[in-house]
Amino acid sequence: MNGTMTFKTLQTIGRFGVLLALITLIVFGWLRYDNFLGTYNVLSVLRYNSMFALVALGMCFVIITGGIDLSVGSTAALGSVVAALASPYGAVPGLLAGLGAGLMIGACNALIITRLNILPFIATLATMLAASGCALLLAGNQSVSVSYESGFTELGQGDFLGFPVPAWIALVAYLLGSLVLNLTSFGRTVLAVGGNEDATRLMGLPATRVKAIVYLASGGLAGLAGVILAAQFGAGQPIEGVGWELFAIAAVVVGGTLLTGGVGSVGSTLAGVLLLGLIFNILNFENGLGWISLSAYWQSVIRGLFLLLVVAIQARLSVRTEETV
Amino acid sequence: MAPLLSMHGINKRFAGIPALRAAELVVEKGEVHALIGQNGAGKSTLIKILTGYYAKDSGEIVFDGKPVTFSSPQEAQGAGISTIYQEINLVPYRSVTENICLGREKRRFGLLDWRAMHAEARALLSRFNIDIDVHRPLMAYPTAVQQMVAIARAIGFEAKLVIMDEPTSSLDEREVEVLFGVIRQLKAAGVSVIFVSHKLDELYSVCDRVTIMRDGRTVQVAPMAELSRLDLVTTMLGRELTQVLQEGRKADDTVDTRKPILKVQDLAIGRRVRGVDFEVRPGEIVGLAGLLGAGRTESVRAVFGADKPDTGMIRFAGSDKAMTEPADAIRAGMGFCSEDRKLEGIIPDMSVRENLTLALMPQLARRGIVDEGRSREIVDQFIKRLGIRCSDPEQRIRELSGGNQQKVLLARWLCMNPKLLILDEPTRGIDVGAKAEILSLIRELAGQGLGVLMISSELEEIVEAASRIFVLRDGRTVAELEGDAVNEQSVMAAMAHGHESNREAAHG
Amino acid sequence: MAETATTLPPRPAQEAPRFELKSFLTRYGSWIALALLILVNLAITPNFATWQTLNVNLTQVCAIVIVGVGMTLVIATGGIDLSVGALMAIAGALAPLIFLGKLFPLPSPAVGIALAFVLPVLVTGILGLFNGWLITHLRIQPIIATLVLFIAGRGIAQVFTNGNLQVFNLPEFQFIGLGRIFGIPFQAFLMVAIVAAAAWMLRRTMFGRQILAVGGNERAARLAGIPVASVKQRVYLISGLLSGIAGLIVIARNSAADANLVGLGMELDAIAAVAVGGTLLTGGRATVIGTLVGALIIQLVRYTLLANGVPDAAALVAKAGIIVLAVWLQRQGQR
C-alpha cells in the first residue's frame, strides 16, 4: 500500500502539478498583459522553445533509463554548425547533415556507455567537450552564416498551415515519443531499464540495446535542435548550447520525471519546457509594462527559484505520503 | 532417453580464482532436480553460466539434444530456460502485467495490446490462486506476491527447464505449498525444474534427484530417496558433522527474575505494527517469531531508533526516552544487525578493519583523529575471537563470504560492549557451518550477560537458540512462550492461530 | 587460522600474492601518465623546463584543484555539486563590491580588503550549506539540488553587478592570485596546503571515515550511528567555501571580475579532474591527491598541445579522450 500511495502521488503531482502551474502562469499572463495570448506572442514562444523541447524530449528518455546526457548542448551547437555548412545544398541536406552530426555524437555516447561501461555522467561529459571542440574546429572559432537562397531558413523561420515549422517538428517528435513510450515494447523496456536494470537484463530483455538507442536518439534530437537553431538565427553557432543540458534536465524534472529513472512522461516534459520558457516571456512583458525594470539576468534567478519551488514541493509531498501511510 | 540438460567439465575463474572446476550437472526430462552446496560452492555461478549471464572458460553444455552456449539470458530464455532468481529481479515501478509480459508482449497493429496482456497476466496468476489488480505497480504488493509474480513470469515463457534459485526464502508455508503444487504441475507437463535451496525439508518433499557441489566441484549425484539427511549435509560440508549437531541445548531453564533491560509495550507503527509487547532480560536470548509481514522487523527498527513509532512505550536500561536516531540507541548501549547485510550492513568498499570499527569510531578518535594503533589491536582481537577468515584486516569486506561478513558485523557491535544486541535474521544466506558457529557465539555472549533479541524465520533455529519466544501475528504479540513451551509445535500453533489464552498457558 | 578453519579451505588467491599488472596500472596509472607527459614535453616542447612554464601551468590549474578538492569530498559521499562555478561567480562579484566600497562605506582600505577575503567566502559557504540542507532535509537528489544554484547563482552574481565588468588594481588583495613566494605563485602554496589538509583529513580523521562510509553505503552508515545528514551538510559547506576561495583567486589573477565568466564550466572541469584522478564517482572511495594529479594531467595535455601549435578546440577533443580513457582504465582494474 505504502508504495502505491507514494508512487501515485508522485505521478499525479508530476502529471497535473506541472500542468496546473502552466495554466496558472498562462492565465496570469492573459489577465495582466495585452497581447499575451495574441497570435504573434504565442507563435514566437512556440518557435523559440521548440529547439529546447527537442533536446528535452531526448533527455526525458535518457533520464527514464536512469541515465543522463550532458552532451546535448554542444551536440546542438555542432549540429547547427554542420547544418549551416550544408545549408547551400538545400533544406533537406542541411537537415540531414545536422541530424547526422547529432546521431554521431549520440553513437559515441552509446558506445562509451554500453561497451566501455562508463557512467553516463562522465561519458557524456567527455563527449560534450569533444562535440564542442569539433564544432569550434569546423566553424573556425566563429559563427557560420547559412545560405538564405536554398530555403534552409524555412526550417526555423517558416510557417506551415499558419504554424511555425520548428513547432511542427517538435510536435511530431513529441507525438512519436509518446507513442513509442506507451505503446511499444521498446518504450516499456526503457521504463523497465530505469526501474531496475539488472532485473531487466535477467528478465531477458535487451537492456543494453535499449540504452544505446536512447542515447542515439538523444543525440539525434539535439542535432535536430541544432538545425533549427541555425535556421532560426541564420548562423551555425559553435558556442551556443552552453547550459542547454541543465535547462533540459530542469524541464524534465519539473515535468515530474524521476531522476533515478523508471518513471516518466513525455507530455509533462513538454509542459515543463513551456513552463520554463514562459518565465522568460513574462519577464519581457513585465518590463514592457514599465513599472519595474528587471534585467535579463533575473531570468535565470527566477528559473532557479522555480525549479527550487517545484522540487521542494515534490520532495515535501513524497515525504509526507511516506510518513502517513 | 537422453537427458534434457547436461553440463560437463565446466570451468570458470574470476580474476584468477577458480569458481568452478570441472563441474557437472545432468537434468532428465520432467524431473525436479535439487542443486545444493554451501555458499560459494559454485551453484549460482553454474546457473549463471547456463543462463548466459557469465561466459564459461571451458566445458560443454548440451540442452535438448544440441550443444549450446548462450551469450545472454535472453538467448537462454528463447531456447526454453526460464530462471527465478534468489533476489526478486523485477521492476518495482512497473505494473504487474508488465513484469509478467515484458519480453513476449502481445501486439495489435504493431502496437502493444494492453487488454490481452492484462488478461494473460491474470490467467497466469490464477494458477497460484492469486487474484490481484494487475494494473498496479509491483511495489504495491508484499514480497510473497512479488515472488509469485516472478514465478508466473518464468512459467509463462513455456519453458522446458525452469530454474528456481531459493524461491521460497520470502514465502510462508502456505505459499510454499502452492509453489510445490505448481512445481508438480510443471513436472506432470514434462517440464524439468532445477531447485536450489538450503532448506532440507523442501528438498525432500519436492525433488527427485540431487546434485551436491563443494568448492566448485560436483561431489555427488544421487536420487533424493537414497540419501539420508545426515549423508547429504556431510557431503555438502565435506566433514563429519558431529560438532554441528552436538550443539548444547540452551542454558539452564531456571526462571529468571532479573529486571528486563528492554521492555516494549503497545508499540504501534503504521498499519504493520498495531500492538506489540516484548521484553529482554540481561543474559537472555529472546526470539521474535512470526510469519513474514507480522511486524517483527518494523518493531525492532523502532526500538533501535531507525524508524519512528506512532505510539507505545520503549524502555531501555531504565529510561524510556525515545530514540530518534540509531546513534542515540548505540550510545545507550544497543547494537543492531539488520536483515539485509548487503543493503544495510556492510560498506563494501571499506576494509574489514574499517567496517568492524565503524560504530566504535567516536570512542577510537581523539579530537576527531582516529587512533589507528588501538583500532588495529581491537580488530585483531575480534578476528581471532570470532574466527573471522580474511587474508588481512585490510582486505575489502566484499571479498569475504557471507558468513564471515556477518561475523564482522557482529564484531562491530560486540566491540562496543553493548547491553542489548538485536539480530534480524542473523543466519540468512549463510552456509550451515558458519550458521552453527554464529549461533554458538550468540549463546556464549548471552552467557556473559548480554541481552539478545533475535528474529528468525527458521523455527528450528529460533527454538534452538531462544529461551523465551514472543510470537507476532498481523502486527500484534499473540503469545509469549517460555520454558517447555518453547518448541516448534507451540510456536507454529501461535503463528497460525495464537491468542491470549496461549499466553496464560505458557506461564502456567 | 588452523583451529578455526572448519568450513572453508583457504582460498588459493590468498596463498600466493601475484603481481597484477592491471591493479598496478589502476593504482599508479595516473602517476605514470603524469610522468610520461612530463618526459614527452621535455623531449618535444621547447623551453619546457623553465620556471615560466611551471608557473603558467600552476596558475592555470590552482582554481580547478581547489574546487576539485571540495568536489572530491562531495563525490565521496555519493553526491555531486554542480553549483561550484556559480558560487565562484558570486564570490568573484562580491569581493570587488566590498573593497571598492560599493556595498557599504569602509572605515579603512585594510578593513575592506580583510572583509573582501572573508565575506564572499562566508557567503558561498552559506550557499553550500543551503545545498546540503536541500539534500538532507528536503531529500532532493544532489544533482537537482545543486542545479538550482547552478541556474540561479550566476544570475544572482550578474544581478549584483548588473552584468558589468569590475576592473581594479589592488595589489594587497591580488596577492592571493598574483603574489609569489620564492618565485612560485602564492596560490600554488595555498593549493598544496588545501590538498594536504584534505588528504590527511580523509585518511586519518573520523570525519574522513564517515564521509567514505556514507558514500559506500548510506543506510548501513546510519544504522552504525553515523550522523549522515550532518556529514553531508559539512561536505557541501566545504565545497562552498573552497569555491569561494577559488573565485577570489580567479578575479585577483585577472584584475577584473566578470560575473558572466568567472567559474564558467568549472563544475565540469572539477568533476573531470576528480574522475581522472581515480575517485569512484558512485562514492565510497576517494583520493584527494589523485584529484590533484588528474587536474595536472588535463592541464599538461592542453599545454602540450597548445605549445606545439594545436588549436585549443582540438585540445578539447583530447581532454574528452583522456577522461574516457582514465575512467575506463579504472574500471578494468576493478574487475
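Residues numbered from 1 in each chain as written. Chains lettered and ligands numbered in written order. Predicted model: local features only at pLDDT ≥ 70, side-chain atom pairs only at ≥ 80, totals over all residues.

### Remarks on the overall build of chain C
And then number 1: The secondary structure content of chain C amounts to 14 helices and four strands.
And then number 2: Expressed along its principal axes, the backbone C-alpha trace of chain C runs to roughly 80 × 55 × 35 Å.
And then number 3: Intrachain contacts of chain C at a sequence separation of at least 6 include 78% that bridge at least 24 residues. (Helix = DSSP H or I, 4+ residues; strand = E, 2+ residues; numbered from the N terminus. Contact = placed C-beta atoms within 7 Å.)

### Quick look at the domain arrangement of chain B
And then number 1: Per the domain assignment, the segments making up chain B are domain 1 (5-241), domain 2 (247-333 + 418-508) and domain 3 (353-412).
And then number 2: One C-alpha centre belongs to domain 1 of chain B, the other to domain 3 of chain B; they are set 37 Å apart. (Domains from an automatic or database assignment.)

### Observations concerning the sheet that holds strand 12 (residues 217-223) of chain B
Residues and elements named next belong to chain B.
And then number 1: The six strands are arranged 6-9-10-3-11-12 in an open sheet whose pairing can be described as mixed. On the outer flanks of this sheet lie strand 6 (81-84) and strand 12, each paired with one strand and no other. Within the sheet, the average angular offset between the axes of one strand and its neighbour, ignoring direction, is 20 degrees.
And then number 2: Summarising the sheet, strand 9 (residues 161-165) and strand 10 (residues 192-196) pair through five bridges and their orientation is parallel. Its bridge partner being in strand 10, Met164 is matched across the sheet by Phe195.
And then number 3: Relative to the sheet, helix 1 (residues 43-50) contacts strand 3 (32-36), strand 6, strand 9, strand 10 and strand 11 (209-214), its axis offset from that of strand 9 by approximately 150 degrees.
And then number 4: Of the strands in this sheet, strand 3, strand 9 and strand 10 are in contact with helix 6 (residues 173-188), which crosses strand 10 at around 145 degrees. (Pairing = 2+ DSSP bridges. Axes fitted to C-alpha atoms, helices over the stretch in contact; angles between N-to-C directions.)

### Observations regarding the packing of helix 2 (residues 39-64) of chain A against helix 7 (residues 165-183) of chain A
Residue and element names in this part refer to chain A.
And then number 1: In the contact formed by helix 2 and helix 7, the axes pass within 8 Å of each other and the chain directions differ by 30 degrees. On the basis of the axis angle, helix 2 is roughly parallel to helix 7. Considering how the two elements wind past one another, helix 2 and helix 7 form a crossing that is left-handed. From helix 2, Leu46, Arg47, Ser50, Met51, Ala53, Leu54 and Leu57 reach across to helix 7, where they touch Pro166, Ala167, Ile169, Ala170, Ala173, Tyr174 and Gly177.
And then number 2: In the contact of helix 2 with helix 7, the residues fall into eleven nonpolar, two polar and one charged. (Parallel < 35°, antiparallel > 145°, perpendicular 65-115°, else oblique. Left-handed = near helix turned anticlockwise from the far one by under 90°. Nonpolar A, V, L, I, M, F, W, Y, C, P; charged D, E, K, R; others polar.)

### Points about the confidence of the model for chain B
Residues and elements named next belong to chain B.
And then number 1: When pLDDT is averaged across chain B, the result is 83; 91% of the residues are at 70 or more.
And then number 2: Note that pLDDT drops below 50 for residues 240-255; the model gives that stretch 15 contacts with residues more than four away or on any other chain.
And then number 3: Note on residues 499-508: pLDDT is under 50 here. Beyond four places in sequence and across chains, it has eleven contacts. (pLDDT = per-residue confidence, 0-100.)

### Quick look at the environment of Val62 of chain B
Residues and elements named next belong to chain B.
And then number 1: Here Val62 lies in strand 4 (residues 58-63).
And then number 2: Val62 sits in the partly exposed class, given 16 other C-beta atoms within 10 Å.
And then number 3: A sequence separation of 215 residues divides Val62 from Asp277, and the C-alpha atoms of the two residues are 57 Å apart.
And then number 4: Excluding residues within four positions of it along the chain, Val62 makes contact with Ser6 and Pro67. (Buried ≥ 20, exposed ≤ 12 C-beta atoms within 10 Å, placed from the backbone.)

### Some words on the UniProt feature "transmembrane region" (unreviewed entry) in chain C
Residues and elements named next belong to chain C.
And then number 1: In this numbering, the UniProt entry assigns the feature "transmembrane region" (unreviewed entry) to residues 28-46, 58-77, 110-130, 142-161, 181-202, 235-253 and 313-329.
And then number 2: Spanning residues 58-77, this segment combines 95% helix with 0% strand, and its end C-alpha atoms are found 28 Å apart.
And then number 3: Summarising residues 181-202: 77% helix, 14% strand, and an end-to-end C-alpha distance of 28 Å. (UniProt positions renumbered as here; feature names shortened; annotations may be inferred.)

### Some thoughts on helix 7 (residues 171-178) of chain C
Residue and element names in this part refer to chain C.
And then number 1: The complete set of buried residues in helix 7 reads Phe173, Gln174, Ile176 and Gly177. The buried residues of helix 7 occupy an angular sector of 130 degrees when the element is viewed end-on, so they sit on one face.
And then number 2: Taken together, the buried residues of helix 7 touch helix 4 (84-99), helix 5 (109-136), helix 8 (186-204) and helix 11 (228-254). (Arc of directions from axis to C-beta.)

### Some remarks on unusual backbone geometry
All names here are of chain B.
And then number 1: In this model, Ala22 sits at a positive phi of 50 degrees, which is unusual for a non-glycine residue.
And then number 2: With respect to the helices, strands and loops of the structure, Ala22 is situated in strand 2 (residues 17-27).
And then number 3: Located in the positive-phi region is Arg367, a residue other than glycine, with phi close to 50 degrees.
And then number 4: You can see Arg367 is positioned in the loop between strand 18 (365-366) and strand 19 (369-370).

### Some words on the interface of chain B and chain A
And then number 1: Taken together, the 21 residues of chain B in the interface contact 25 residues of chain A.
And then number 2: When residues of the side of chain B that touches chain A are traced back to their parent elements, those giving at least two are helix 2 (73-79) and strand 8 (111-112) of chain B.
And then number 3: Take the side of chain B that touches chain A: its biggest share by element is three residues, from helix 2 of chain B.
And then number 4: Here the residues of the side of chain B that touches chain A are counted per class, giving twelve nonpolar, five polar and four charged.

### A short note on the confidence of the model for chain C
Residue and element names in this part refer to chain C.
And then number 1: With 92% of its residues at a pLDDT of at least 70, chain C reaches an overall mean of 85.
And then number 2: Considering each helix and strand of chain C separately, the mean pLDDT is smallest for helix 1 (residues 12-15), with a value of 40, and largest for helix 11, with 94.
And then number 3: Note on residues 1-18: pLDDT is under 50 here. Beyond four places in sequence and across chains, it has 18 contacts.
And then number 4: Across the whole predicted complex the pTM is 0.79, and at the interface the ipTM reaches 0.78.

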